[in-house]
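Close look at the chain arrangement
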Amino acid sequence: MAIIKLFLAVAVIGAVSLIPGTAEAAVMGPSMHKLTWHFYKVYNTCENAENFVRHQVEKLYKNDTTIAPKLLRLLYSDCFVTGCDASVLIEGPNSEKMAPQNRGLGAFVIIEKIKKVLEQRCPGVVSCADILNLATRDAVHMAGAPSYPVFTGRRDGLTSDKQTVDLPSPSISWDTSMAYFKSRGLDVLDMATLLGSHSMGRTHCSHIVDRLYNFNKTGKPSPTMNKSFLSEMAKKCPPRTKKGQTDPLVYLNPDSGSNHSFTSSFYTRVLSNKSVLEVDQQLLYNDDTKQISEEFSASFEDFRKSFALSMSKMGSINVLTKNEGEIRRDCRRRN
C-alpha cells in the first residue's frame, strides 16, 4: 500500500509539468503543459466538440464493445512511436499502420466516422489526434475505466513512416520493458498501470507460442506459467499453424473474455502466474511492480486512479501544438 500512495503522490505533484527542464529529460515524453483543458470550448472554435465525440462513441459502443480495446491499442501505437500526432492513421504503402507490429490494428473506421461528424459541425477545427484521445477515453470509460481528463489542442503530424515503428515484442524482459517506457518519459507505475490495459482485448497465438513451447529457446514451456493454464492455452494455440490456417486469437484476460470489461482481474492473474503475455507476467518478477500488482488486485479503485493519471501522461507524449503540424480534414491523409 505504501509504495502505491508514494507513486500516486509523486504523479499528482508532477502532473503540472511532466517534463523536467534538465539535460536528463527523455528525448520523448509527456508535455501536458502544452495542452489545454476543454481547448475547443476555451477558444470558442467548436464548443461541443467533446460532446460530439462522446455521443458517437456511445452509439458505436452499444453495437460493438470491442471498440474499447481496439482504440486503446490504436492510441498506444500512435503515442509510443513519434508521439500523439495521429500519424498511425495515415494510409500509404510505407505508413506506420503497415509496420509488422501493427498487424491487426483496428478502430480506424471509428475515428473516420467521428471525424466526418466533426467536419460537418466544425470544419477544419478538431484534430484527428484529439479525436483519437477523446474517443479512447470515452470508450474505455464505458467498459469500466474512469473518465480521466483529456487535455486538448493537439495538431496532426505531417509524416508517417513504418521504419519509425519500434514497438517491442510482447515477450520482452522486465528490464527491456522498463527501459522502453522510460524512453517515453514514463515511470514504473505508468508501466505497471498501462499494461493493465490488457485486462481486455485479444492477441494472436503467434505472440505467445514461445511461452508455450520454446521459452527463451529452451524447447520447453515457461517454467513459471501455471500448469493448468499452460495446458488450457496449448489447446487454443498449436505450436505451428497449418498451411492456409489463420493465426488464432485468444483473450488477453480470459476472466474478462468477450465482455471486454475493464477490471483489476488482470493483476490477480499476474500474481497467479496466469498472464497470457510474457511482458505482463514479468510484473511479478520485480519488487516494485509486484507490490503494485498486489495493490491493484486488492483495490480496483487504486488501479482506476492510477490509470487516469498514466493515460493522461501517455496522451501528451510529444504532442504538436500551435503552428506545428496541421489539422487534417481527412485523418487518412495529409491536407
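If you're wondering where the values come from, they're calculated on a predicted model, not measured in any experiment.

1. What to know about the layout of surface pockets
- Roughly 1100 Å³ of volume is contained in the largest pocket.
- Forming the walls of the largest pocket are 40 residues, and the residues nearest its centre are R73, H198, R202, T203 and L252.
- Among the elements that line the lining of the largest pocket, the one with the most residues is helix α4 (residues 67-79), at six residues.

2. A closer look at the nonpolar core
- L74, L89, I111 and F307 are the most contacted members of the largest nonpolar core, which totals 88 residues.
- With eight residues, helix α6 (residues 128-142) is the largest single contributor of residues to this core.
- Dropping the residues within four chain positions of it, L89 is found in contact with L74, K97, F108, I111, C128, R328, C331 and R332.

3. Section: the pattern of salt bridges
- One pass over the full model with this rule turns up 18 salt bridges.
- One salt bridge in this structure joins R54 and D138, with 3.8 Å as the shortest N-O distance. Here R54 is found in helix α3 (residues 49-63), whereas its partner D138 is found in helix α6, with 84 residues between them in sequence.
- A cluster of three or more residues bridged by salt bridges with shared partners is formed by E50, R54, R137 and D138.

4. Comments concerning the packing of α4 against helix α5 (residues 108-121)
- Close contact between α4 and α5 brings their axes to 9 Å; oriented N to C, the two are set at 90°. Viewed along their axes, α4 and α5 adopt a mutual orientation that is roughly perpendicular. Across the interface between the two elements, I67, L71 and L74 of α4 pack against F108, I110 and I111 of α5.
- Residues of the contact of α4 with α5, tallied by class, amount to six nonpolar, no polar and no charged.

5. Side note on the confidence of the model for the protein
- Overall, the prediction assigns the protein a mean pLDDT of 91, with 92% of residues at 70 or greater.
- Contacts for the low-pLDDT stretch residues 6-26, under 50 throughout, to residues beyond four places or in other chains number 23 contacts.

6. Describing the side chain of N133
- With respect to the helices and strands, N133 occurs in helix α6.
- Take N133: its relative accessible area is 3%, and that puts it in the buried class.
- Apart from the residues within four sequence positions on either side, N133 is in contact with L75, C84, Y148, V150, R154 and G315.

7. Description of unusual backbone geometry
- Despite not being glycine, A86 has its phi angle at roughly 60°, a positive value.
- Structurally, A86 is set in the loop between α4 and α5.
- Residue A86 is classed as buried on the basis of its relative accessible area of 0%.
- A positive phi is found at N318, a non-glycine position, where the angle reads about 45°.
- With respect to the helices, strands and loops of the structure, N318 is situated in the segment after α14 (300-314).

8. Considering empty space enclosed by the protein
- By the definition in use, this model includes two cavities of 30 Å³ or more.
- Approximately 60 Å³ is the volume attributed to the largest cavity.
- Residue lining of the largest cavity: M32, L35, N133, Y148, P149, V150, F151, R154, M311, S312, G315 and S316, and that is the complete set.
- Looking at the lining of the largest cavity residue by residue, the class counts come to seven nonpolar, four polar and one charged.
- As a volume, the second largest cavity reaches approximately 40 Å³.
- Considering the residues around the second largest cavity, the lining is formed by L252, N253, F266, R269, K274, S275, V276 and D280.
- Residues that form the lining of the second largest cavity fall into these classes: three nonpolar, two polar and three charged.

Definitions and cut-offs
Residues numbered from 1 in each chain as written. Predicted model: local features only at pLDDT ≥ 70, side-chain atom pairs only at ≥ 80, totals over all residues. Heavy atoms only, no water. 1 Å grid on protein atoms, 1.4 Å probe; cavity = no way out; pocket = protein on both sides within 12 Å on 5 of 7 lines; lining within 4 Å. Points joined across faces, edges and corners; volume = space filled by probe spheres on them. Helix = DSSP H or I, 4+ residues; strand = E, 2+ residues; numbered from the N terminus. Core = buried A, V, L, I, M, F, W, Y, C linked by side-chain atoms within 4.5 Å. Buried < 20%, exposed > 50% of the residue type's maximum accessible area, 1.4 Å probe, protein only. Contact = heavy atoms within 4.5 Å. Salt bridge = Lys/Arg side-chain N within 4 Å of Asp/Glu carboxyl O. Axes fitted to C-alpha atoms, helices over the stretch in contact; angles between N-to-C directions. Parallel < 35°, antiparallel > 145°, perpendicular 65-115°, else oblique. Nonpolar A, V, L, I, M, F, W, Y, C, P; charged D, E, K, R; others polar. pLDDT = per-residue confidence, 0-100.

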